[in-house]
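Letter by letter, the chains look like this.
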Amino acid sequence: MRTLILTLASIATFAQGPPPAPLVRENATVKLTDHVWAIPDFNVGLVPNVGIIVGTKATLVVDTGMGPRNGETIVREMKKVSSNAQVYVVTTHYHPEHSLGASAFTGATLVMTRIQQQDMTELGKQIQDTFAKRSALTGELLNGVAYPTPDILFDREHRLDLGGVHARLMWRGPAAMHSRGDTMIFVEEDRVLFTGDVVMSQRFLAAQTTSSITTWLATLDELAALKPARVVPSHGSIGEATLISRDREFLLAVQRRVSELKRAGKSADEAVAAIVAEIAPAYPEWGNPSGAAAVARAAYTEAR
């Protein structure tokens, strides 16, 4: 029965054969508010939703695409909505589709949380090599690409004045969520929130073995308290604050059930199987229920 629970996107993928190329789409930029534009990912794997925030004196780009070819596409799209000479770039985390197009932004100021730079140094090469092996195209996009060097490092928060609009950059650690360096951006005047992979749409949250579900839930509570009018996850459709509450509801349900199972002496594998069978099917818009396994394992590790 579980194998029948597929999103329309999944069905389309199976019908069409190979997945779409991981390329940021040209001429697809949409205006969200007076100061904020986005290039949607169209739910294509290894493509992020890209943000462009334009003030009277500077522009901020959120995420760079995978490799310089994608970064150059974003630069062209940015220039259609902004003539500012001052450009800032922020990457939501170190994974290649979010950070390895940075070299295309010549002369830009790269702003990064300190722990994200540490992620790049310690973990970047391994994940870059893994991504490069996924297809001939990903190998081409990432061939010889170096991780970027930040111009501004921050710890918990950094605020950018773009002229008439302010962007609040936030890191919440030290425990990891999707990654250790997850960075979120709140455009204050327009109430637009870019969440990185801390919030997802059209797919299950991607936890790691080191993820803290407790930290993740606390962060979602903080993001919800901002009362964003628009929420732009790193992947999947752009939406409203209900994207946050939907993820929170799921994480809380998993955390509670896994804790019960662990106290009852169940193994991690048994707990994962229970989550996939009992809880994940309630979220059919996120795809195959097996996608919940990573969150279940992280919750089991953390449960007492």
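Residues numbered from 1 in each chain as written. Predicted model: local features only at pLDDT ≥ 70, side-chain atom pairs only at ≥ 80, totals over all residues. Heavy atoms only, no water.

A.B. asks: An account of the overall build of the protein chain is needed here, citing residue identities and associated values.
C.D. replies: Broken down by element type, the protein chain carries nine helices and 12 strands. Relative to the compact-globule value of 19 Å for 304 residues, the protein chain shows a C-alpha radius of gyration of 19 Å, a close match. Each principal axis of the C-alpha distribution contributes one length, and for the protein chain these read about 60 × 40 × 35 Å. The buried share among the 304 residues of the protein chain stands at 55%. Contacts in the protein chain between residues far apart in sequence, at least 24 positions, make up 68% of those at least 6 positions apart. Carbon and sulfur atoms make up 53% of the accessible area of the protein chain, which totals about 13,000 Å². Charged side chains in the protein chain number 30 positive and 31 negative. The centres of these two groups are separated by 3 Å. (Helix = DSSP H or I, 4+ residues; strand = E, 2+ residues; numbered from the N terminus. Rg over C-alpha atoms; globule rule 2.2 N^0.38 Å. Buried < 20%, exposed > 50% of the residue type's maximum accessible area, 1.4 Å probe, protein only. Contact = heavy atoms within 4.5 Å. Areas by Shrake-Rupley, 256 points an atom, 1.4 Å probe, with all protein chains shown as cover. Lys, Arg positive; Asp, Glu negative; His and termini not counted. Charge placed at Lys NZ, Arg CZ, Asp CG, Glu CD.)

A.B. asks: Provide a residue-level description of the packing of aromatic side chains, including the pertinent values.
C.D. replies: In the structure shown here, the tally under the stated rule is five aromatic pairs. Ring geometry for Phe204 versus Trp286: centroids 5.3 Å apart, planes at 80°, classification edge-to-face. Placement of the pair is Phe204 in the loop between β11 (192-196) and α6 (213-225) and Trp286 in the loop between α8 (268-278) and α9 (293-302), with a sequence separation of 82 residues. The buried category is assigned to Phe204, whose relative accessible area is 7%. Overall, the relative accessible area of 6% leaves Trp286 in the buried class. Among the aromatic side chains, those forming a connected cluster through ring pairs are Phe204, Phe250, Tyr283 and Trp286. Lying over the aromatic face of Trp286, Arg246 brings its terminal NZ or CZ to 5.9 Å of the ring centre. Against the face of Tyr300 rests Lys262, its NZ or CZ located 4.7 Å from the ring centre. (Phe/Tyr/Trp six-rings, centres within 6.5 Å; stacked < 30°, edge-to-face > 60°. Lys NZ or Arg CZ within 6 Å of the ring centre and 35° of its normal.)

A.B. asks: Describe the sheet that holds strand β1 (residues 30-31), listing the residues and the values that go with them.
C.D. replies: One open sheet holds the seven strands; their spatial order is β1-β2-β3-β4-β5-β6-β7, and the pairing between them is mixed. Edge positions in the sheet fall to β1 and β7 (152-154), since each has one partner strand and no second. Here four bridges tie strand β3 (residues 50-54) to strand β4 (residues 58-62), and the two strands are oriented antiparallel to one another. Bridge pairing in β4 links Gly51 to Val62. Strand contacts of helix α2 (residues 68-81): β2 (36-39), β3, β4 and β5 (86-90), with the helix running at about 30° to β3, the strand carrying the most contacts. In the packing of helix α4 (residues 114-132) onto the sheet, contacts are made with β6 (109-113) and β7, and the angle to β6 comes to roughly 95°. (Pairing = 2+ DSSP bridges. Axes fitted to C-alpha atoms, helices over the stretch in contact; angles between N-to-C directions.)

A.B. asks: Before we move on, could you go through the packing of α6 against helix α7 (residues 242-263) and cite the residues and values that matter?
C.D. replies: For the pair α6 and α7, interaxial distance at closest approach is 10 Å and the crossing angle is 155°. Taken as axis vectors, α6 and α7 run roughly antiparallel relative to one another. Considering the relative orientation of α6 and α7, their crossing is left-handed. Across the interface between the two elements, Ile213, Thr214, Trp216, Leu217, Leu220, Asp221, Leu223 and Ala224 from α6 touch Ile244, Asp247, Arg248, Leu251, Leu252 and Gln255 from α7. A class-by-class count of the residues in the contact of α6 with α7 yields nine nonpolar, two polar and three charged. (Parallel < 35°, antiparallel > 145°, perpendicular 65-115°, else oblique. Left-handed = near helix turned anticlockwise from the far one by under 90°. Nonpolar A, V, L, I, M, F, W, Y, C, P; charged D, E, K, R; others polar.)

A.B. asks: Explain the side chain of Asp182 to me, and be specific about the residues and the numbers.
C.D. replies: Residue position: Asp182 is located in the loop between β9 (166-171) and β10 (183-187). An unpaired buried charge is present at Asp182: no salt bridge exists, and Arg180, the closest side chain of opposite charge, is 9.7 Å distant. Here His178 takes part through its backbone nitrogen, which lies 2.8 Å from a polar atom of the side chain of Asp182. Looking at Asp182, its side chain comes within polar contact range of the side chain of Ser179, at 2.9 Å. In this structure Asp182 touches Thr92, His93, Met170, Trp171, Arg172, Met177 and Val198, once residues within four positions along its chain are discounted. (Salt bridge = Lys/Arg side-chain N within 4 Å of Asp/Glu carboxyl O. Polar contact = N/O pair within 3.5 Å; in protein donor to acceptor, adjacent residues only side chain to side chain.)

A.B. asks: Tell me about the pairing of β9, residues and numbers included.
C.D. replies: In terms of burial, β9 is a largely internal element, six of the six residues being buried. Judged by which residues are buried, β9 turns out to be covered on both faces: His166, Arg168 and Met170 on one side and Ala167, Leu169 and Trp171 on the other are all buried. Across five bridges, the pairing between strand β8 (residues 157-161) and β9 is antiparallel. Note on β9: the bridge partner recorded for Asp161 is His166.

A.B. asks: So what's going on with the environment of Met112? Which residues, and what values?
C.D. replies: Mapping Met112 onto the fold places it in strand β6. Each C-alpha atom of the pair Met112 and Ala298 lies 26 Å from the other, and the pair is 186 residues apart in sequence. In contact with Met112, not counting residues within four places along its chain, are Thr91, Gln117, Met120, Pro148, Pro150, Ile152, Leu153 and Phe154.

A.B. asks: Run through the nonpolar core, naming residues and quoting values.
C.D. replies: In this structure, Trp216, Leu223, Phe250, Leu251 and Val254 are the most contacted members of the largest nonpolar core, which totals 42 residues. Broken down by element, this core gets its largest block of residues, eight residues, from α7. Leu223 has contacts with Met170, Met184, Leu193, Val198, Val199, Pro228 and Ile244, leaving out every residue within four places of it along the chain. Among the nonpolar cores identified, the runner-up in size contains 30 residues, and Ile74, Phe105, Met112 and Tyr147 belong to it. (Core = buried A, V, L, I, M, F, W, Y, C linked by side-chain atoms within 4.5 Å.)

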